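Report on the structure
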Amino acid sequence: RGATIIEALVAIALAGIILTAISSLVTKSIAASNASKDRTIATRYAEEGVETARVTRDSSGFTTFFSNYVNSTTYYIDSNYQLTATLNSDYLKSQGSSFLRTVTFKDSSASCGGKSCGNIAQVEVIVSWNNGAGKTDKVTIDSYISKWLP
């Protein structure tokens, strides 16, 4: 009879160890799934930021776009998908999202006689968010916009 009690205790302990391992794996799997979901959403927001920059270029003409936006200003995207320098106008922030999207432009033109040709702009879109573990994650997309119409 004493052996039966020992066998039962060993079986219960073994079951406890197995259940603890399974619950740990499930917890890690859920965390990885949430991180993947957030990264996918952030990537979509970053791609949307690049497209907004392209639409802005197309609607205003490249020369106007270049002179108005290619500077050291950080831009956000409002609810009308327009570039704005006002953080409080950022659409994602206004919707209570944990994501923050910034858009910056840099002159990537070749030199034309010692000055910029003004024909290529680098677009950098950064989407950052709090990952829930007290750290900030981010997705960055760099693209180039050129003067493709005469």
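In this text the structure is predicted, and so the values were computed from the model without any measurement. (Residues numbered from 1 in each chain as written. Predicted model: local features only at pLDDT ≥ 70, side-chain atom pairs only at ≥ 80, totals over all residues. Heavy atoms only, no water.)

Considering the overall build of the protein chain
Within the protein chain, the secondary structure is distributed over three helices and seven strands. Secondary structure elements in the protein chain, listed N-terminal to C-terminal, are α-α-β-β-α-β-β-β-β-β. For 150 residues, the compact-globule estimate of 2.2 N^0.38 gives 15 Å, and the C-alpha radius of gyration of the protein chain, at 26 Å, exceeds that figure by more than 25%. Burial status across the protein chain gives 27% buried among its 150 residues. For the protein chain, contacts bridging at least 24 residues in sequence account for 52% of all contacts bridging at least 6. Roughly 9,500 Å² of accessible area belongs to the protein chain as shown, and the carbon and sulfur atoms make up 57% of that amount. Across the protein chain, the centroid of the 14 positively charged side chains sits 4 Å from that of the 12 negatively charged ones. (Helix = DSSP H or I, 4+ residues; strand = E, 2+ residues; numbered from the N terminus. Rg over C-alpha atoms; globule rule 2.2 N^0.38 Å. Buried < 20%, exposed > 50% of the residue type's maximum accessible area, 1.4 Å probe, protein only. Contact = heavy atoms within 4.5 Å. Areas by Shrake-Rupley, 256 points an atom, 1.4 Å probe, with all protein chains shown as cover. Lys, Arg positive; Asp, Glu negative; His and termini not counted. Charge placed at Lys NZ, Arg CZ, Asp CG, Glu CD.)

As for the pattern of salt bridges
Two side chains carrying opposite charge are able to pair once their charged atoms lie near each other. Evaluation of the coordinates by the stated rule reveals three salt bridges. Between Arg 101 and Glu 48 there is a salt bridge, with its nearest N and O atoms 2.7 Å apart. In this pair, Arg 101 is assigned in strand β3 (residues 100-107) and Glu 48 in helix α1 (residues 2-60), connecting sequence segments 53 residues apart. In this structure Glu 48 comes out as partly exposed when scored by relative accessible area, which is 23%. (Salt bridge = Lys/Arg side-chain N within 4 Å of Asp/Glu carboxyl O.)

A word on the sheet that holds strand β6 (residues 120-130)
Pairing within the open sheet is antiparallel, and its three strands lie in the order β3-β6-β7. Each having just a single partner strand, β3 and β7 (136-146) make up the two edges of the open sheet. Taking the axes of each pair of neighbouring strands and ignoring which way they run, one obtains an average angle of 20 degrees across the sheet. Judged from the 11 bridges that link them, β6 and β7 form a sheet pairing that is antiparallel. Among the inter-strand pairings, Glu 124 is bridged to a residue of β7, identified as Asp 142. Taken strand by strand, helix α2 (residues 62-69) contacts β3, β6 and β7, and its axis lies near 50 degrees from that of β6. (Pairing = 2+ DSSP bridges. Axes fitted to C-alpha atoms, helices over the stretch in contact; angles between N-to-C directions.)

Looking at the packing of aromatic side chains
Two descriptors summarise a pair of aromatic rings, namely the distance from one centre to the other and the angle between the planes of the rings. Within the structure shown, the criterion is met by 10 aromatic pairs. With 5.2 Å between their ring centres and 65 degrees between their planes, Tyr 69 and Tyr 75 make a pair best called edge-to-face. Considered together, Tyr 69 and Tyr 75 belong to a single accessibility category, that of buried residues. (Phe/Tyr/Trp six-rings, centres within 6.5 Å; stacked < 30°, edge-to-face > 60°.)

A closer look at a nonpolar patch on the surface
Judged by side-chain polarity, Leu 14, Ile 18, Leu 19, Ile 22, Val 26 and Ile 30 come together as a nonpolar surface patch covering roughly 560 Å² of accessible area. Relative to the assigned elements, Leu 14 resides in helix α1. (Patch = residues over 30% accessible without salt bridge, like charges linked within 9 Å, V, L, I, M, F, W, Y side chains within 5 Å.)

Structural notes on the environment of Asp 142
For Asp 142, the location among the structural elements is in strand β7. A relative accessible area of 42% places Asp 142 in the partly exposed class. Considering only alpha carbons, one finds Asp 142 and Leu 83, 59 residues apart in sequence, at a separation of 17 Å. Contacts of Asp 142, omitting those with residues within four sequence positions, involve Gln 122, Val 123 and Glu 124. Within the structure, the side chain of Asp 142 is placed 3.4 Å from the side chain of Gln 122, a separation counted as a polar contact. (Polar contact = N/O pair within 3.5 Å; in protein donor to acceptor, adjacent residues only side chain to side chain.)

Nothing here speaks to function; it is all geometry.
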